[in-house]
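Commentary on secondary and tertiary structure
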Amino acid sequence: MSIAQQFERYILETHAADLHAMLHAPDPRAPYSIDIDTLKLFVRIPVIANALLHRPLSLLPAMDDAVRSAQGVIVQQLRERGDAEANEQLKRMSVKEIVRARCDAYRLCETYPELTPSIGEIRTRHVNRMWCVSGVAVRVGAPKSLEAEHVFECVKCGHQFLIPVNVEEGSGGEPPP
């Protein structure tokens, strides 16, 4: 069983209420998230701990996909049930595409001090790894939005999809033909 499948099963078991709330939410275009307690997740699925700490850029999108897939599993279970109550719920539900699994890294970094280097200890070995840093902001500028994905919508059918943006080159995601 892959890491994404294990995470999907974990989400279905521990965050079913959050998934139902997400499915019943009225706006299908709004972003939704599920807050994950990383310490509990690491106890249940230890292989995710290594992947999240050492390869977060590849694991986090897979976790988002697992949340989308878990919504589909709940909808499928209701369809298979087929009674009047399930059909009524299905009418009010919609699978949300813009979803995120938000990992609570604060408690994790408190538990494992090696994940919290001081400012002077940050090196290239920390690139593409998860770590936490705390301190006092001496100078703060205006917030700037860093867009990692563009949401495009088909004019004919209304389907929405995400196109990644190349942040380093500054080029925006081009809509498909």
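Above: the structure in question.
Predicted, not measured: the structure shown is a model, and the values here were computed from it.

Some points on the pairing of strand E1 (residues 32-36)
Residue alternation in E1 divides its side chains into a buried set, Tyr-32, Ile-34 and Ile-36, and an unburied set, Ser-33 and Asp-35. Pairing analysis gives five bridges linking E1 to strand E2 (residues 99-103), with the strands arranged parallel. In the strand pairing of E2, Ser-33 is matched with Arg-100.

Structural notes on the layout of surface pockets
Considered as a void within the structure, the largest pocket measures approximately 500 Å³ in volume. Taken together, the elements giving at least two residues each to the lining of the largest pocket come down to helix H5 (56-81) and E2. Here the lining of the largest pocket is built from residues that sort into ten nonpolar, no polar and six charged.

What about the pattern of salt bridges?
Applying the stated rule across the entire model yields seven salt bridges. For Asp-64, the salt bridge goes to Arg-100, with nearest N and O atoms at 3.3 Å. You can see Asp-64 sitting in helix H5 and its partner Arg-100 sitting in strand E2, a full 36 residues away along the chain. Given the relative accessible area of 25%, Arg-100 is considered partly exposed.

Description of the packing of helix H4 (residues 46-54) against H5
Put simply, H4 and H5 touch, their axes get as near as 6 Å, and they point 120° apart. If you check the angle between H4 and H5, you find them oblique. Two secondary-structure elements touch here, H4 through Ile-48, Ala-51, Leu-52, Leu-53 and His-54 and H5 through Pro-56, Leu-59 and Leu-60. For the contact of H4 with H5, the residue count by class is seven nonpolar, one polar and no charged.

Section: helix H2 (residues 16-24)
It helps to recall that an α-helix has 3.6 residues per turn; residues three or four apart then point in one direction. Looking only at H2, the buried set comprises Leu-19, Met-22 and Leu-23. All buried residues of H2 fall inside an arc of 95° around its axis, so they share one side. Buried-residue contacts for H2 involve helix H1 (3-14), E1, H5, helix H6 (84-92) and E2.

Details of unusual backbone geometry
With the exception of glycine, the majority of residues adopt a negative phi angle, and the majority of peptide bonds are in the trans configuration. In the Ramachandran plot, Asn-128 falls in the positive-phi region, its phi being about 65° despite a non-glycine side chain. Residue placement: Asn-128 occurs in the loop between helix H7 (105-111) and strand E3 (149-153).

Quick notes on the nonpolar core
Core analysis: the biggest nonpolar cluster contains 39 residues, and Phe-7, Ile-36, Leu-41 and Val-67 have the highest contact counts within it. Not counting chain neighbours up to four residues away, the residues in contact with Phe-7 comprise Ile-36, Leu-41, Ile-45, Ile-48, Met-63, Ala-66, Val-67 and Ala-101.

Describing the pairing of E3
In this sheet, strand E4 (residues 160-164) lies alongside E3 in antiparallel orientation, the contact comprising five bridges. Its bridge partner being in E4, Glu-153 is matched across the sheet by Gln-160. Counted along the chain from E3 to the antiparallel partner E4, the turn is six residues long, and its residue Gly-158 has a positive phi close to 85°.

Examining the packing of H2 against H5
In the contact formed by H2 and H5, the axes pass within 10 Å of each other and the chain directions differ by 80°. Considered as vectors, H2 and H5 are oriented roughly perpendicular to each other. Across the interface between the two elements, Leu-19, His-20, Met-22 and Leu-23 of H2 pack against Val-67, Ala-70, Gln-71, Ile-74 and Val-75 of H5. Here the contact of H2 with H5 is built from residues that sort into seven nonpolar, two polar and no charged.

Side note on H4
Those residues of H4 lying buried are Ile-48, Ala-49, Ala-51, Leu-52 and Leu-53. Those residues of H4 that are buried are in contact with H1, helix H3 (38-44), H5, E2 and H7.

The rules we used
Residues numbered from 1 in each chain as written. Predicted model: local features only at pLDDT ≥ 70, side-chain atom pairs only at ≥ 80, totals over all residues. Heavy atoms only, no water. Buried < 20%, exposed > 50% of the residue type's maximum accessible area, 1.4 Å probe, protein only. Helix = DSSP H or I, 4+ residues; strand = E, 2+ residues; numbered from the N terminus. Pairing = 2+ DSSP bridges. 1 Å grid on protein atoms, 1.4 Å probe; cavity = no way out; pocket = protein on both sides within 12 Å on 5 of 7 lines; lining within 4 Å. Points joined across faces, edges and corners; volume = space filled by probe spheres on them. Nonpolar A, V, L, I, M, F, W, Y, C, P; charged D, E, K, R; others polar. Salt bridge = Lys/Arg side-chain N within 4 Å of Asp/Glu carboxyl O. Axes fitted to C-alpha atoms, helices over the stretch in contact; angles between N-to-C directions. Parallel < 35°, antiparallel > 145°, perpendicular 65-115°, else oblique. Contact = heavy atoms within 4.5 Å. Arc of directions from axis to C-beta. Core = buried A, V, L, I, M, F, W, Y, C linked by side-chain atoms within 4.5 Å.

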